[in-house]
Amino acid sequence: MTKLGLPDKVTACLFDLDGVLTKTAVVHAAAWKEAFDDFLRQRQGLAFRPFDTLADYEQYVDGRPRTDGVRAFLASRGIVLPEGKGDDPPELETVHGLGNRKNAFLLEKIRTQGVEPYSGSVRYVDAVRAAGLATAVVSSSANCREILTSAGIADRFDVRIDGVVATERGLPGKPHPDTFLEAAHDLGCTPHAAAVFEDALAGMDAGRAGGFGAVVGVDRVGQAEALREHGADVVVKDLSELLEGRT
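Okay, so let's go over this structure. What you see is a predicted model; the values in this text were computed from it and never measured.

### Here's the deal with the overall build of the protein
Now for step 1: Assigned secondary structure in the protein consists of eleven helices and six strands.
Now for step 2: Taking 247 residues into account, the globule formula puts the C-alpha radius of gyration at 18 Å, and the protein, at 18 Å, falls close to it.
Now for step 3: The principal-axis extents of the C-alpha atoms in the protein amount to approximately 55 × 35 × 35 Å.
Now for step 4: For the protein, buried positions account for 54% of its 247 residues.
Now for step 5: In the protein, the proportion of contacts linking residues at least 24 apart, taken out of those at least 6 apart, comes to 61%.
Now for step 6: Per element, the accessible surface of the protein, about 10,800 Å² overall, is 51% carbon and sulfur.
Now for step 7: Side-chain charges of the protein comprise 28 positive and 37 negative groups, with the mean position of each set lying 2 Å from the other.

### As for the packing of aromatic side chains
Now for step 1: Applying the stated rule across the entire model yields ten aromatic pairs.
Now for step 2: Their ring planes at 35° and their centres at 5.3 Å tell us that Phe 36 and Phe 51 sit as a pair that is tilted. With Phe 36 in helix 1 (residues 25-44) and Phe 51 in the loop between helix 1 and helix 2 (55-61), this pair connects stretches of sequence that are 15 residues apart.
Now for step 3: Pairing Phe 180 with Phe 212 gives two aromatic rings, centres 6.0 Å apart and planes at 75°, and the pair type is edge-to-face. Placement of Phe 180 in helix 8 (residues 178-187) and of Phe 212 in the loop between helix 9 (201-209) and strand 5 (214-218) is noted, with a sequence separation of 32 residues between them.
Now for step 4: The rings of Trp 32, Phe 36, Phe 51, Tyr 60 and Phe 73 are connected pair by pair, giving a single aromatic cluster.
Now for step 5: Positioned above the aromatic ring of Tyr 118, the side-chain terminus of Arg 220 is 3.5 Å from the ring centre.

### With respect to the pattern of salt bridges
Now for step 1: The full count for this structure, using the stated rule, is 20 salt bridges.
Now for step 2: Across the pair Arg 220 and Asp 238 runs a salt bridge whose closest N-O atoms are separated by 3.2 Å. Pair noted here: Arg 220 is in the loop between strand 5 and helix 10 (224-229) and Asp 238 is in the loop between strand 6 (234-236) and helix 11 (240-243), with a separation of 18 residues, a long-range link.
Now for step 3: According to the relative accessible area criterion, Arg 220 is partly exposed, its value standing at 24%.
Now for step 4: Its relative accessible area of 17% is what places Asp 238 among the buried residues.
Now for step 5: Taking the shortest distance from any N to any O, the salt bridge between Arg 228 and Glu 225 comes out at 3.9 Å. Of the two residues, Arg 228 and Glu 225 are both situated in helix 10; the distance of three residues between them amounts to about one turn of the helix.
Now for step 6: Salt bridges linked by common partners bring Asp 16, Lys 174 and Glu 198 together as one network.

### Comments concerning the nonpolar core
Now for step 1: Ranked by size, the top nonpolar core spans 34 residues in total, and within it Leu 6, Phe 15, Leu 21, Tyr 124, Phe 197 and Leu 239 carry the most contacts.
Now for step 2: Put simply, the parts of the chain that give this core at least two residues each are strand 1 (12-15), helix 1, helix 4 (95-113), helix 5 (119-130), helix 6 (144-151), strand 4 (194-198), strand 5 and strand 6.
Now for step 3: Beyond its immediate chain neighbours, meaning those up to four positions away, Leu 239 contacts Phe 15, Val 20, Gly 120, Ser 121, Tyr 124, Phe 197, Val 216 and Val 218.
Now for step 4: Ala 134, Val 165, Ala 183 and Ala 206 belong to the second largest nonpolar core, which has 20 residues in total.

Analysis parameters
Residues numbered from 1 in each chain as written. Predicted model: local features only at pLDDT ≥ 70, side-chain atom pairs only at ≥ 80, totals over all residues. Heavy atoms only, no water. Helix = DSSP H or I, 4+ residues; strand = E, 2+ residues; numbered from the N terminus. Rg over C-alpha atoms; globule rule 2.2 N^0.38 Å. Buried < 20%, exposed > 50% of the residue type's maximum accessible area, 1.4 Å probe, protein only. Contact = heavy atoms within 4.5 Å. Areas by Shrake-Rupley, 256 points an atom, 1.4 Å probe, with all protein chains shown as cover. Lys, Arg positive; Asp, Glu negative; His and termini not counted. Charge placed at Lys NZ, Arg CZ, Asp CG, Glu CD. Phe/Tyr/Trp six-rings, centres within 6.5 Å; stacked < 30°, edge-to-face > 60°. Lys NZ or Arg CZ within 6 Å of the ring centre and 35° of its normal. Salt bridge = Lys/Arg side-chain N within 4 Å of Asp/Glu carboxyl O. Core = buried A, V, L, I, M, F, W, Y, C linked by side-chain atoms within 4.5 Å.

Here you go:
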């Protein structure tokens, strides 16, 4: 085990974005709630049951590509919408339209509130790079570039595999391992020599399925046991714990 809290074989680190590097998971959850509640309220009237930013977010949308999240949550409520097209306007009741509604809310929140990185994560990424390990950010977000820039950490990653890149390359999103595998490939290393850092259960599943050299779960919301059940080799509340030998 190195001073980074990783097996000696690891030469590259693959970081999820929201909830691992940046404090945007709560912003995403709020944007999902605004979009889904608006849709459900109009559709269900007095029977309206709101989107739960803890249970529904973690189970159905966290870590997934946007349209996958829409489908999964609506299926949990017994609702099926037409797929629509990627450029559907936000007010259109299609999978893509509802996803675009959520994205509009998210971009407005990022514009007005900005994005803050986790200081412990920044310390850890800097230590990783100082030790000569390669770094990548792997996110289902199509806004990954903007979020990294807003957080002031875009220059700390050698490779970015996000929702835009995944679409361009035809990669299925988490819980499939393909985006993490693509990041390892772009960094020139095998999955066995790469460590995955995730806070979402879908990301844990992806790390386990990809056969990576280490899978680190980041527990921001009190789901340590679930992270372990989904494949985490170690769970920390903050990446700085890995530097302090508290794992």
